[in-house]
Amino acid sequence: MKNIVKQIIGLGFSVLLLVSCKKELLTAVPQTSITDATAFDSPERVLNQVRSIYQALKNGNFYGGRYQVYGDIRADDFINETTNGVTGFDVWNLNPLGTSQNSVKNLWSQAYYTINLCNLFIDGMAVKGTSVVGTTLSNNYLGEARLVRALSYYSLLQYYARPYADGNGSKPGLPLRLTGIKGSGFSDLARSTVAQVYTQILADLDFAETNLPATYTSNELNTTRAHRNTAIALKTRVYLSMQNYAAVVTEGTKLAGQAAAPFKAANGGVQDSLQPNITTIFGAAPVYNTTESIFSLPMTSTAGDNPGTQNQLGFYFVRNGASLGAAEYSMNPSGILANTNWSATDARRVNLVYLNASTGKRFVSKYQNPSPYLDYAPVIRYAEVLLNLAEALARNNTGVDAKALALVNAVRKRSDPATTITAANQTELINAILLERRIEFLGEGLRNNDIMRLLQTIPAKGSVPAKTPSETGYIWPISADELSLNRLMTDN
Amino acid sequence: MRKLIFILSAVLFTVLSAAGQNRTISGKVTDEKGTPVDGVSVASSDGKHGTSTGKDGTFSISVPATVKTLVFTSVAHETQTKAIGAQSTMNIVMRAKDTKLEEVVVVGYGTQRKKDFTGSVATVKGSAVADKPVQSFDQALAGRVTGVQITIPNGVLNTPPVFRIRGVSSISLSSYPLVVVDGVPTPTGDFSSTNAAGNALASINPNDIETIDVAKDAAATAIYGSRAANGVVYITTKKGKQGKARINYNVSFGFTSAYGIPEVLNAQQYTDYKNMAATNNQNLNTTNPSGSGYTKFIMTNGPDGRPIDTRWADYIYRQGFSQDHNLNVSGANETTSYYFSAGYSNQEGIVRTNDFTRKNILMNVDSRFNSKITIGGKISYSNEMNRINSSSGSLNGEGFGTAGAGRLQFVTAPNISPYRNDGSYNISTAGNFIGAMNNTIAQVGFYNPVVLFDKNRSNSETNHIQGNVYLQIKPVKWLTLRSMYGIDYLFVDNEIFQTPIHGDGFAPIGSATSTLGKYKRWTWSNTAQVDYTFKQKHTVSLLVGGEQDRRTSTGFGLNRQQISDPVYTVIQAGWGINNSSGSVYGENYLLSYFGRFRYDYNKKYFVTFNLRQDEYSALPFQKETFWGVSGGWNLNNEKFWGAMKNVFSSFKLTGSYGKVGNTGGIGDYASYSTYGSGLYGGLPTLVFNQAGNNVLKWETSYKFDLGINFGLFNDRITVEADYFKNNISNLILNVPQAPSVGLPTSVPSNVGKMYNKGVEIAVNLVPVQKKNFTWTTNFTYTNIGNQVTELAPGLAEVLTATSGLETVNRTAVGHSVGSLWLVRSAGVDPATGSRVLLNSIGNRVLYRFAPAAGQFNWSNPDGTRYNKPDGSANTINQTADAYMYNAIPKFYGGLNNNFRYKNFDLDILLTYQGGNYVYYGSWAGLHDQRFWNNHVDVLNAWKKPGDIASVPRPVYGDNVSNGSALPMTYSLFKGDFIKLKNASLGYTLPQDLVSKARINSARFYVSGQNLFIFTDYPGPDPEVSSNGNTTSAPGVDRNTIANGRTITVGLNITF
């Protein structure tokens, strides 16, 4: 009996021994990512985080493609070819719902994700990052984060809030989030007014202008990372949307101080200027990082480093021969195409509009790189700064402002040397500038915002009727998710 | 010294024996019918002398005179003990074992007599799932077990069924039960990442299964602690049975075909109808706003000169042929049992190119080394090919894919053909669509499905190895020590090719993807069990043990685009762009200690305690203890029960309560907030990509069960009834945060609460039991109520989208999980033909697509604009106006009747469910007024004022009135059905006939699956789930291809 007891005890022990091992396996640490506790531990990690902010901005749902696409297709220069809700059919027919996943919801989420990355970065630099990279570099980086944050808020305002012109910014704007969020419990936040959001945008851009580097070491970085002129250029856009034309003049003059062409940024930073030929920057063999492309988002063929399926600019706008895009949107034959002030020999018509001979349809062909669609996504170009400044000067000065005329002609004559824009009065000048914007920025997403900042009716196109500023659908509804989860949020 | 005594006594004993006077007893053993029984062990009562009966049942044994009794034992019969009288011949009649009494259930790390068991476990015999036209056993469980709901979500082969034991027990995590195969947990779910489904459980050949034990309550599951909340399914594979080797061969052939295909317009009807809709669109029809001759849609003549009239379903469905072969060899002698099987199954699905092939082998061996040590183990290998060339649109996440065949079948215009008249594929030159032919509208379909089915591939191959080895030692009679090491290695090879000429491969100029996923697991468990009976009335049993469970998953792969030559179709060929694909890296580890204590007094009172402590690497290092207590009372063994004993052949009350957990679906690193790596213009980035929760813990279920089991008329009728309530707390919700907080992922948090409660009843009847005719009936009924009682603070709802696009499932407090959330539609306005919807307070609101000047999209019945109270324009939308409809069946079950007449057997299984709604999203699609083809009922659409119609006035481009853009109750239907799930008729060849051919038995059978559905549901099948197993999104039928109907003939032969 004693032996048996011994046996049992021995065996029992061995049972326990067999089991009580491998404790270290209980602490499984991720092998494919960095935990948040160490994300600011080295200069490389900090720099990689800066780039991640741009990466988020570059997402296909945001500035990688769709933001620009929506800006074009809401307006009257494009016709939807596929009635596909995933590729903006609802946006095009001015009827998106708050539950529209591929437009209203995704853009909202991605823009705020970008904003949160900026906020987390700003917070993290204060806690640790600045001590890791030093003050100078830290300020540069913070300038970049705040610029991207400003751009994101500005972009959200254009679709989800009433234009500034409607009540001088007194209408509901956006939940203004300025601190980084890593966990749950922060959903509730009411909308600030449009003006309050603009105030923050400008504060960020002013900070960015002061702290960003004047230039980087390469043309590529000067295009793909924000520098001082990027902040100034964006300010001309922001102030124009606010109809603060004096401020547009102030900012625009920093980048185009000359009284007459050639215009060029001569403020000691990147020497931004127009390229002699628009086909240098768009079309079959574009150079993406010229001094005209103040800010563009780079693409490579590596998965995740391009906008992804059904988000790419080329996918939407181009149909060229056997391959290329999906021809989601053709040019409206009764839109800008029908405008006789756009001459048939204009380089932008000759080189950047494609005629599909078999269907007779025309397409904007600024982005001709086939799948995986590696054309850089333009955010802001020097041409826009010139036209922003031109419009502000034209609106600020009665009569025909000479510099305004010179600026708009600088853009026109580059592509259409045979034509000189003239204006008999201020209104004609303004209209000429607006027309020039419509031609110059086709496929770059500015048209809708140009209509709405002036509180104009969105014209009819195809089967879609016009939309007056007082109608539902003039601006987008708020994302249904936001309404459901942020108890202080209100719908449009 | 001891040794010496032993030797001496042995010698003495031998001498004594030899000295005793031996006598020889001979005789014959037969069964109740008089048939000789061979292999019966005949032994002296002291066990020192023994023999066994021969083929003719006779035996002869020589025993000393001191032996007064002989013991006759046989596996299939009750043991007989007979006194030896004066006679030297004994004829014994063996009675067949009362299998009910001896029935055991698997309880985790052991088995137990069913009669003594105090928890809720249902046992399904392997024969119930064998020989069925299914790919995995779980598909065949519907209607057979109370509390178990099985929904085959679609008609794609090897789709994991929606498997719920006593309801949905989670919102964000998995509700799939834990499946333990021969003691080793196995992965569940779809491991394919292609358009072919790849249920991991298909690796278990249903023909190799001996029993399936479904454990439902805390008592039965608590031994699996943190993984038990969804119930546990124990699979026991077949082992060799005592006797000489048996060879069994089963072969079957079958045909499967689709049913309930939506009836759509033919070419002429389509052309006329769409032209009418285009005419009705005043924006489109500006040239001829009032005329009727406005033609955008024009018929095209085919090569035969006659108008094309294409029935697209004919290009998507097919009649599938299947064949199934299973061969096994098994046997056992006193010390060793073995079972070896090989299976080959090749099944064709109803969707063109959808095939399933399984080749598998299984070997089970158990060997008693000596009276104390047993060694055994098993090894199984299975290879499954899951094939389909192009998306069926039916798997979870595929519902809105442009290539989805389930939608293409009814979207694509019937007045075009898949081929041009010159025989080439009909592909648009203007875009990546099917060509419009004479129609003047650019698009009359999405992709050309024929090209995709001809040219693409989307296959998944699984190699699955399951094995274990164990050592069992019984140092003394009452102690069992056991150590088992098991592995489960699952390797999944996914392979996709997309042609550059059309479809998803068009833009990338061809695309090929190959990924390999390796999911490896080892489990090591060590247990010690004490079984002891004292004073004959007290039986105790104590189990203690420990277990380690280690899982790693790694995956990698390649996606290549821009094919360099159109002739290539494999990834190894020449391509332009290479990207990584299918990267997976994960590891986890579960360390557990557990115990079970059982006690019964005189087989009258039973109590059981289960305990398990788990520590899991995916959760921030904390231990948690799970437990279950249960008791049983066998009233039939009570004296006071008295005369009731004559009424009841058995009567038992049971009750249990306990706490179990759920971890299925928690990410391996869910507790961490992480930054991942990406690229910006080719340069590295570090981006916040996961919001973690460092205080995450287990979901916990408190399960309560009260059961009553009784038998009447000598168990001719048995009834098992249970009341259960499962309170689930600490529900892990991936709590959605307002998108404006900008988190990359929702944060997993233990916040929600819900309950499932209900009643289960199983009735087994033997209405007729005669020599030539028996009829057995098995009826199961489960009634279940689910309600969410708490979500996160401030969280009113969890919305779940179908395929990321359409949101109709909403989980909210006070409702069942994933209720359907729809705007109420109220028919068609007879005056204008507009769709009428109801707003939140029930006011009628009219929708008009493309309104004329002075009209509005949204108007009041009088035509004025529908406004908010402040006068600004308003719309009907889900957030403000939708209502909730229960999507979870409130009752379900089955009725199985088995008839046996002479050599014929007939088995009929009906399944039923009800009390739920199904959102038939395809119905919205079938009424969409874009280029999409429509259901034939649009022919009765509104045409003139005064018409009472169910379909609104068609306006070309309208995708709101039909529910495409705004989900509405127009597409909501009751999900009640009764289904003739399976019927099989068999004929067993007469014994005397087959024995001449040296065949033990032979049975022919013909069997049918999904033969008939009684339902008001207008779609093909209300048993459907477009969102697969997603717990928070049940009851959706969106562009899904339904189950097929299968007829099988087979032969089962044993040598």
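Undergrad: Let's hear about the overall build of chain B: which residues, and what values?
TA: Of the regular secondary structure elements, chain B holds 11 helices and 51 strands. On C-alpha atoms alone, chain B measures out to a radius of gyration of 33 Å, which is about the 31 Å that the 2.2 N^0.38 rule sets for 1055 residues. For chain B, the spread of C-alpha atoms along the principal axes amounts to about 125 × 65 × 65 Å. Expressed as a percentage of the 1055 residues in chain B, the buried residues total 59%. Here the contacts in chain B between residues at least 6 apart in sequence split such that 68% fall between residues at least 24 apart. Across chain B, 94 positive and 73 negative side-chain charges occur, with their mean positions spaced 7 Å apart.

Undergrad: Any details on the overall build of chain A? Residues and values, ideally.
TA: The helix and strand inventory of chain A stands at 17 helices and 9 strands. Seen through its C-alpha atoms, chain A measures out along the principal axes to roughly 120 × 55 × 45 Å. Burial statistics for chain A: of 492 residues in total, 64% are counted as buried. Across chain A, every contact between residues at least 6 apart in sequence was considered, and the portion connecting residues at least 24 apart equals 70%. Between the averaged position of the 43 positive side-chain charges in chain A and that of its 37 negative side-chain charges there is a distance of 5 Å.

Undergrad: Quick one: what's the story with empty space enclosed by the protein, residue by residue and with numbers?
TA: All names here are of chain B. Estimates place the volume of the largest cavity at around 300 Å³. What lines the largest cavity is a set of 22 residues, among which P133, Q135, L157, G1044 and T1046 lie closest to the centre. Listing elements by their share of the lining of the largest cavity, those giving two or more residues are β19 (336-348), β50 (1001-1014) and β51 (1044-1054). The residue makeup of the lining of the largest cavity, split by class, is 6 nonpolar, 14 polar and 2 charged. Taken as a whole, the second largest cavity encloses approximately 240 Å³ of empty space. Lining the second largest cavity are 23 residues; nearest its centre among them are Q149, T151, P889, P1034 and G1035.

Undergrad: Tell me about the side chain of Q409(B), and please be specific about residues and values.
TA: Residues and elements named next belong to chain B. Examined against the element boundaries, Q409 turns out to sit in helix α6 (residues 405-411). Exposure remark for Q409: the relative accessible area of 6% places this residue in the buried category. In terms of polar contacts, Q409 uses its side chain to reach the side chain of Y317, at 2.9 Å. Of the polar contacts made by the side chain of Q409, one reaches the backbone oxygen of G406; its length is 3.1 Å. Other than its neighbours up to four places away in sequence, Q409 contacts I261, P262, W312, A313, I316, Y317 and I1041.

Undergrad: Can you tell me about the interface of chain A and chain B, naming the residues and giving the values?
TA: Across the boundary between the two partners, chain A contributes 96 residues, which contact 86 residues of chain B. Viewed at the interface, chain B and chain A are joined by 1 salt bridge. Here chain A is connected to chain B by 23 residue pairs in polar contact (both at pLDDT 80 or more). It is helix α5 (residues 101-133) of chain A that contributes the most residues to the side of chain A that touches chain B, 10 residues altogether. Classifying every residue of the side of chain A that touches chain B by side-chain character gives 38 nonpolar, 42 polar and 16 charged.

Undergrad: Break down the confidence of the model for chain B for me, citing the residues and quoting the values.
TA: Residue and element names in this part refer to chain B. When pLDDT is averaged along chain B, the result is 90, and 96% of the positions lie at 70 or above. In the predicted structure, residues 1-20 sits below a pLDDT of 50 and forms 1 contact with residues beyond four places in sequence or in another chain. Here the predicted complex scores 0.87 on pTM and 0.93 on ipTM.

Undergrad: Describe the sheet that holds strand β43 (residues 858-859) of chain B, with residues and values.
TA: Pairing is antiparallel across the open sheet formed by 4 strands, whose spatial order is β40-β41-β42-β43 (chain B). What marks the edges here is a single partner per strand, and that holds for β40 (825-828) and β43 of chain B.

Undergrad: Can you explain the pattern of salt bridges? Please cite residues and give values.
TA: Residue and element names in this part refer to chain B. Considering all chains together, one arrives at 68 salt bridges over all chains under this definition. Between E495 and R457 there is a salt bridge, with its nearest N and O atoms 2.5 Å apart. Of this pair, E495 sits in strand β23 (residues 479-498) while R457 sits in strand β22 (residues 457-473), and the two are 38 residues apart along the sequence. Owing to a relative accessible area of 19%, R457 belongs among the buried residues under this scheme.

Undergrad: Just give me the short version of the packing of helix α7 (residues 194-211) of chain A against helix α9 (residues 228-241) of chain A, but keep the residues and values in it.
TA: Residues and elements named next belong to chain A. Close contact between α7 and α9 brings their axes to 8 Å; oriented N to C, the two are set at 160 degrees. Taken together, the axis directions place α7 and α9 in an arrangement best described as roughly antiparallel. Considering how the two elements wind past one another, α7 and α9 form a crossing that is left-handed. Mapping the contact onto sequence places Y198, I201, L202, L205, D206, A208 and E209 in α7 and R228, A231, I232, L234, K235, V238, Y239 and S241 in α9. Across the contact of α7 with α9, the residue classes tally to 10 nonpolar, 1 polar and 4 charged.

Undergrad: How would you sum up the sheet that holds strand β13 (residues 178-181) of chain B? Please name residues and give values.
TA: Residues and elements named next belong to chain B. The strand order across the open sheet built from 5 strands is β10-β15-β16-β13-β14, with neighbouring strands paired in mixed fashion. What marks the edges here is a single partner per strand, and that holds for β10 (121-125) and β14 (184-186). Neighbour-to-neighbour, the strand axes of this sheet turn through a mean angle of 25 degrees, independent of strand direction. Inspection of the sheet shows β13 paired to β14 by 3 bridges, in the antiparallel sense. Each bridged residue has a counterpart across the sheet, and for V180 the counterpart in β14 is P185.

Undergrad: Give me the lowdown on the environment of I458(A), citing residues and values where you can.
TA: By secondary structure assignment, the location of I458(A) is in the loop between α16 (447-453) and α17 (480-485). Beyond its immediate chain neighbours, meaning those up to four positions away, I458(A) contacts R74(A), A75(A), L94(A), N448(A), I451(A), M452(A), A466(A), K467(A) and Y474(A).

Undergrad: Describe the nonpolar core, with residues and values.
TA: Judged by nonpolar contacts, the single largest core of 155 residues is most densely connected at F121(A), L147(A), Y160(A), I201(A), F295(A) and F317(A). Per-element tally for this core: the top contributor is α5(A), with 14 residues. Among all residues touching Y160(A), those that are not within four sequence positions of it are S103(A), V104(A), L107(A), W108(A), L174(A), R191(A), I475(A), W476(A), P477(A), I478(A) and N492(A). Within the second largest apolar cluster, 62 residues are counted, among which are I350(B), F446(B), A941(B) and L966(B).

Undergrad: Describe the packing of aromatic side chains, naming the residues involved and giving the relevant values.
TA: All names here are of chain B. Enumeration over the complete set of coordinates arrives at 74 aromatic pairs over all chains. Between the aromatic rings of F446 and W932, the centroid separation amounts to 5.8 Å while the plane-to-plane angle is 75 degrees, which identifies the pairing as edge-to-face. Pair noted here: F446 is in the loop between α6 and α7 (449-455) and W932 is in the loop between α10 (921-925) and β48 (972-974), with a separation of 486 residues, a long-range link. Like W932, F446 is buried. The cationic tip of R482 hangs over the ring face of Y470; the distance from NZ or CZ to the ring centre is 4.1 Å.

Undergrad: Lay out the packing of α9(A) against helix α13 (residues 382-396) of chain A with the relevant residues and their values.
TA: All names here are of chain A. Relative to each other, α9 and α13 sit at 40 degrees, their axes nearing to 9 Å. What the angle tells us is that α9 and α13 run oblique. Here α9 and α13 pass one another in a crossing that is left-handed. Within the contact between the two elements, α9 uses A233, T236, R237 and L240 and α13 uses E384, V385, N388 and E391. Considering only residue class, the contact of α9 with α13 consists of 3 nonpolar, 2 polar and 3 charged.

Undergrad: Break down unusual backbone geometry for me, citing the residues and quoting the values.
TA: Look at the link from A261(A) to P262(A): it is a cis peptide, with omega at -5 degrees. By the element assignment, P262(A) lies in the loop between α10 (245-255) and β5 (293-297). For the bond from S371(A) to P372(A), the omega torsion is 10 degrees, close enough to zero to count as cis. Tracing the backbone shows P372(A) in the loop between β8 (361-364) and β9 (377-381). Of note, T353(B) is a non-glycine position whose phi angle comes to about 70 degrees, a positive value. Following the sequence through the fold, T353(B) ends up in the loop between β19 and β20 (355-368).

Undergrad: Which residues make up a positive patch on the surface, and what values go with them?
TA: On the surface, K55(B), K244(B), R246(B) and R998(B) cluster together into a patch of positive charge. On the secondary structure map, K244(B) appears in strand β17 (residues 243-258).

Analysis parameters
- Residues numbered from 1 in each chain as written.
- Chains lettered and ligands numbered in written order.
- Predicted model: local features only at pLDDT ≥ 70, side-chain atom pairs only at ≥ 80, totals over all residues.
- Heavy atoms only, no water.
- Helix = DSSP H or I, 4+ residues; strand = E, 2+ residues; numbered from the N terminus.
- Rg over C-alpha atoms; globule rule 2.2 N^0.38 Å.
- Buried < 20%, exposed > 50% of the residue type's maximum accessible area, 1.4 Å probe, protein only.
- Contact = heavy atoms within 4.5 Å.
- Lys, Arg positive; Asp, Glu negative; His and termini not counted.
- Charge placed at Lys NZ, Arg CZ, Asp CG, Glu CD.
- 1 Å grid on protein atoms, 1.4 Å probe; cavity = no way out; pocket = protein on both sides within 12 Å on 5 of 7 lines; lining within 4 Å.
- Points joined across faces, edges and corners; volume = space filled by probe spheres on them.
- Nonpolar A, V, L, I, M, F, W, Y, C, P; charged D, E, K, R; others polar.
- Polar contact = N/O pair within 3.5 Å; in protein donor to acceptor, adjacent residues only side chain to side chain.
- Salt bridge = Lys/Arg side-chain N within 4 Å of Asp/Glu carboxyl O.
- pLDDT = per-residue confidence, 0-100.
- Pairing = 2+ DSSP bridges.
- Axes fitted to C-alpha atoms, helices over the stretch in contact; angles between N-to-C directions.
- Parallel < 35°, antiparallel > 145°, perpendicular 65-115°, else oblique.
- Left-handed = near helix turned anticlockwise from the far one by under 90°.
- Core = buried A, V, L, I, M, F, W, Y, C linked by side-chain atoms within 4.5 Å.
- Phe/Tyr/Trp six-rings, centres within 6.5 Å; stacked < 30°, edge-to-face > 60°.
- Lys NZ or Arg CZ within 6 Å of the ring centre and 35° of its normal.
- Patch = residues over 30% accessible without salt bridge, like charges linked within 9 Å, V, L, I, M, F, W, Y side chains within 5 Å.
- Areas by Shrake-Rupley, 256 points an atom, 1.4 Å probe, with all protein chains shown as cover.

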